[in-house]
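If you want the building blocks of each chain, they are given just below.
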Amino acid sequence: MHSSRLLSKQRGSVAISYLAMLIPMIIAAASTIVIGYQVLLSNRAMQAVDTASLACEFRGEYDRSIAQGYLDYYKPKIDKVTATLGASSGCKVELGYSYSSIFTSLTFSDASYVAGVTASQKVYVTEVTDSDPIELVLVLDISGSMMGALDELKSILNRGLTTLRSQQANVAGQDHIKVSIVPFSNGVSVTDAPWLNSGGTLCVDATVNSGGSFSPANTVANLDVTHDQAPVTTSSSSSDCSFTSVILPLTSNLNDVVDAVNRLQTIGSTASYQGLLWGLRQLTPNWQSAWRVGPNRNQDNVQRKLVLMTDGMDDNSHLDELINAGLCTRAKDLGIELNFIGFGVQSWRLEQFTRCAGSAGAVFSANNTQDLDDYFSQLLSIEYDTKFNFGNN
């Protein structure tokens, strides 16, 4: 009996001790939560006021609605938090948050934080490209059927290049943008090509023969095989190509690109497969070396893009044969994006281009020069991010 009464007293003592410990533990937990909220309010108030102050300095004036927007944006998603838009003078901005907690018995449970700051530094805006370096090849039809549209095409390209040239001044490194022009009619020509043993202007044939006839498979296999390994067939006859409109290899000198565009003249028939092959050879590693085109400093992230524009059909089926032999797949394996513009061409020609590009979105049907203008004005432009640099004069 005595031991039973003693055990009962011990149980009562443990319960009282547990309650005595539980209350401080609850208070400590509540205090931790409240302090965490207060730190969050303080940090968010500073973020909001810093951003609003910089926006004021950038605009040159204080805008209450912008400050309220930043205050709402940084407001913590906590119940019982209210935002306070304080008085401002010039770009001295005051913003804050108030908090009333459910733990009303805690003397520090309610808090108000008002942060004030003055933007003491001027904001300078520098535009930089958000894209990777670009290597762009324009493969252009200069056959006789383009006679009525070529002058307008030159004007369109020159307007786009003028814009591109002004944008080039803002990029990090002039070689960020390189452009090549590959004109084609019934052939393609080069002048003083560094990979040829002889100088002057010559017609060059990118196809490979086997057994005396055209071999699509060997042509595809030799796409990035240079003249010193597999000699290119050349011709000095002006009936095989244009002697005035020649290949301009990739260059970052956009003045040279403008000059190449202005030299374009119509001649002959259409061999778009020759234009495509030589256009691709402006973007393959071995041929770039043969053309003495220096590698881009950011070689792994270069965008390689080819755009072929034509208004007609070829005199033979070589392009279809090359597509079937895997030319377009080979180009994509080399990281080259293929795009085609059909200028008033028939639907089957657009379907042919789509088979090569792999997507209808990479094929553009232009019915007039305004369509061409819209396409090239978008192509010959760079998207920019705006980077803010803060500093004093």
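Peer 1: I tried to follow the side chain of Asp371 on my own but got confused; where do I start?
Peer 2: With respect to the secondary-structure elements, Asp371 resides in helix α11 (residues 369–379). Of the side chains with opposite charge, Arg159 lies nearest to the buried Asp371, which makes no salt bridge, at 12 Å. Excluding residues that lie within four positions of it along the chain, Asp371 makes contacts with Phe364, Ser365 and Ala366.

Peer 1: I would appreciate a short explanation of unusual backbone geometry in the present structure.
Peer 2: Excluding glycine, residues mostly have negative phi values, and the peptide bonds linking residues are mostly trans. In this structure, Asp192 takes a positive phi of about 50 degrees despite not being glycine. By secondary structure assignment, the location of Asp192 is in the loop between β7 (188–191) and β8 (201–205). For Asp192, a relative accessible area of 51% puts it in the exposed group. Phi at Arg292 is positive, roughly 60 degrees, even though this residue is not glycine. Tracing the backbone shows Arg292 in the loop between α7 (285–290) and β13 (303–310). On the basis of relative accessibility, which here comes to 67%, the residue Arg292 falls in the exposed class.

Peer 1: Got a minute to help me understand the pattern of salt bridges in this structure?
Peer 2: This model, assessed by the stated rule, comprises five salt bridges. The partner of Asp373 in a salt bridge is Arg159, with the nearest N and O atoms 3.0 Å apart. One end of the pair, Asp373, is in helix α11; the other, Arg159, is in helix α3 (residues 150–168), and 214 residues separate them in sequence. What makes Asp373 buried here is its relative accessible area of 18%. Arg159 gets classed as partly exposed once you look at its relative accessible area, which sits at 41%. Two residues, Arg349 and Asp314, come together in a salt bridge whose shortest N-O distance is 3.2 Å. You can see Arg349 sitting in helix α10 (residues 347–357) and its partner Asp314 sitting in the loop between β13 and α8 (318–324), a full 35 residues away along the chain. Arg349 gets classed as buried once you look at its relative accessible area, which sits at 2%.

Peer 1: I'm lost on the packing of α3 against α11 in this one. Help?
Peer 2: Two numbers describe a pair of packed helices, the interaxial angle and the distance between the axes. Here α3 crosses α11 at 20 degrees, and the two axes come no closer than 9 Å. The angle between α3 and α11 falls in the class roughly parallel. The crossing of α3 and α11 is right-handed. On α11, the residues that touch Glu152, Leu153, Ile156, Leu157 and Arg159 of α3 are Thr369, Leu372, Asp373 and Phe376. Across the contact of α3 with α11, the residue classes tally to five nonpolar, one polar and three charged.

Peer 1: Can you help me understand the sheet that holds strand β14 (residues 336–343) in this one?
Peer 2: In sheet architecture, strand pairing relies on hydrogen bonds along the backbone and comes in two forms, parallel and antiparallel. Here six strands make up an open sheet; going across it, the order is β12-β6-β5-β13-β14-β15 and the pairing mixed. Strand pairing shows two members of the sheet lacking a second neighbour, β12 (248–251) and β15 (363–366), which therefore form its edges. Between one strand axis and the next, the sheet turns through 15 degrees on average, direction left out of account. Pairing analysis gives four bridges linking β14 to β15, with the strands arranged parallel.

Peer 1: Where do I start with the state of the cysteines in this structure?
Peer 2: Formally, a disulfide is one covalent bond, and it connects the sulfur atom of one cysteine to the sulfur atom of another. Tallied over the entire structure, the rule returns two disulfides. In this model Cys203 forms its disulfide with Cys241; the gap between the sulfur atoms is 1.9 Å. Disulfide Cys203-Cys241: the torsion about the S-S bond is -80 degrees, which places it as left-handed. Of this pair, Cys203 sits in strand β8 while Cys241 is found in the loop between β11 (233–235) and β12, placing the two residues 38 residues apart along the sequence. For Cys328, the disulfide goes to Cys356, at an S-S distance of 1.9 Å. Classification of the bridge connecting Cys328 and Cys356 rests on its S-S torsion, roughly -100 degrees, and on that basis the disulfide is left-handed. You can see Cys328 sitting in helix α9 (residues 327–333) and its partner Cys356 sitting in helix α10, a full 28 residues away along the chain.

Peer 1: Would you mind showing me how to read helix α5 (residues 254–262) here?
Peer 2: Listed as buried for α5 are Leu254, Val257, Val258, Ala260 and Val261. For α5, the angular spread of buried residues about the axis comes to 160 degrees, placing them on one side. The elements touched by buried residues of α5 are α3, β6 (177–184) and β12. Sitting at the amino-terminal end of α5 is Asn253, which places a side-chain oxygen 3.0 Å from the backbone nitrogen of Asn255.

Rules of the game
Residues numbered from 1 in each chain as written. Predicted model: local features only at pLDDT ≥ 70, side-chain atom pairs only at ≥ 80, totals over all residues. Heavy atoms only, no water. Helix = DSSP H or I, 4+ residues; strand = E, 2+ residues; numbered from the N terminus. Buried < 20%, exposed > 50% of the residue type's maximum accessible area, 1.4 Å probe, protein only. Lys, Arg positive; Asp, Glu negative; His and termini not counted. Salt bridge = Lys/Arg side-chain N within 4 Å of Asp/Glu carboxyl O. Contact = heavy atoms within 4.5 Å. Axes fitted to C-alpha atoms, helices over the stretch in contact; angles between N-to-C directions. Parallel < 35°, antiparallel > 145°, perpendicular 65-115°, else oblique. Left-handed = near helix turned anticlockwise from the far one by under 90°. Nonpolar A, V, L, I, M, F, W, Y, C, P; charged D, E, K, R; others polar. Pairing = 2+ DSSP bridges. Disulfide = S-S within 2.5 Å. Arc of directions from axis to C-beta. Polar contact = N/O pair within 3.5 Å; in protein donor to acceptor, adjacent residues only side chain to side chain.

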